[in-house]
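# Observations on the three-dimensional arrangement
Read off the chains here:
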Amino acid sequence: ILQLQKQHPKLVVTQAVYKQHHRDYLLAHIPHMELICVTAADAVIFRRINKRSAGITIESAAALRADFEVPAPDCKVIINDHGAADIIEQLNRFYSANIPS
């Protein structure tokens, strides 16, 4: 991430970070990093997994979900239940104040 930031100052990295101590580590070592929690209803997650031909099983997803540590209350959260347009709308609500008009 640090190397990529040198070439791409506005960088988005996706990674499941289930434990708070891992989030704390990233925030301590990567200046200006902002974490956003992306979640969805269990039924939506399991429906999406069932549609896949390969990858994680529902049992593994359920185990990971049970092991997930909820982020701090001030963490931005995106609900990924309704598709790309809804995600973009949520991101715009977080960052629209920072967009020059």
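Below you will find a few notes about this structure.

Conventions and cut-offs
- Residues numbered from 1 in each chain as written.
- Predicted model: local features only at pLDDT ≥ 70, side-chain atom pairs only at ≥ 80, totals over all residues.
- Heavy atoms only, no water.
- 1 Å grid on protein atoms, 1.4 Å probe; cavity = no way out; pocket = protein on both sides within 12 Å on 5 of 7 lines; lining within 4 Å.
- Points joined across faces, edges and corners; volume = space filled by probe spheres on them.
- Helix = DSSP H or I, 4+ residues; strand = E, 2+ residues; numbered from the N terminus.
- Nonpolar A, V, L, I, M, F, W, Y, C, P; charged D, E, K, R; others polar.
- Salt bridge = Lys/Arg side-chain N within 4 Å of Asp/Glu carboxyl O.
- Contact = heavy atoms within 4.5 Å.
- Phe/Tyr/Trp six-rings, centres within 6.5 Å; stacked < 30°, edge-to-face > 60°.
- Lys NZ or Arg CZ within 6 Å of the ring centre and 35° of its normal.

As a further point, take the layout of surface pockets. In this approach, a probe sized like a water molecule rolls over the atoms, and the result shows the empty space that is left. The space that makes up the largest pocket amounts to roughly 1,900 Å³. Residue lining of the largest pocket: 44 residues in total, with Val13, Thr14, Gln15, Ile36 and Val38 positioned closest to the centre. Taken as a whole, the second largest pocket encloses approximately 160 Å³ of empty space. Looking at the lining of the second largest pocket, the element that brings in the most residues is helix α2 (residues 20–29), giving three residues. In terms of residue class, the lining of the second largest pocket is built from five nonpolar, one polar and four charged.

Let us look at the pattern of salt bridges. Following the criterion strictly, the structure yields five salt bridges and no others. With a closest N to O distance of 2.9 Å, aspartate 67 and lysine 19 form a salt bridge. Here aspartate 67, found in helix α4 (residues 58–67), pairs with lysine 19, found in the loop between α1 (2–7) and α2; they are 48 residues apart in sequence, far enough to count as distant. Here glutamate 89 ties to arginine 93 by a salt bridge, and the two come within 2.9 Å at their closest N and O atoms. Placement of both glutamate 89 and arginine 93 in helix α5 (residues 84–95) is noted, with a separation of four residues, approximately one turn of the helix. Overlapping salt bridges, with partners in common, bring together Lys19, Asp67 and Glu69 in one network.

Below, the discussion takes up the environment of leucine 11. Position of leucine 11 among the secondary structure elements: in the loop between α1 and α2. If we ignore the near neighbours within four places in the chain, the residues touching leucine 11 are Ile1, Leu4 and Gln5.

Attention shifts here to the packing of aromatic side chains. One pass over the structure, following the stated rule, counts two aromatic pairs. Measuring from ring centre to ring centre gives 6.1 Å for tyrosine 18 and phenylalanine 68, while their planes differ by 85°; the resulting arrangement is edge-to-face. Note that tyrosine 18 is positioned in the loop between α1 and α2 and phenylalanine 68 in the loop between α4 and β2 (76–79), a separation of 50 residues in sequence. Lying across the ring of phenylalanine 94, lysine 76 places its NZ or CZ 5.8 Å from the centre.

Honestly, that's just the spatial picture; any functional story needs more than this.
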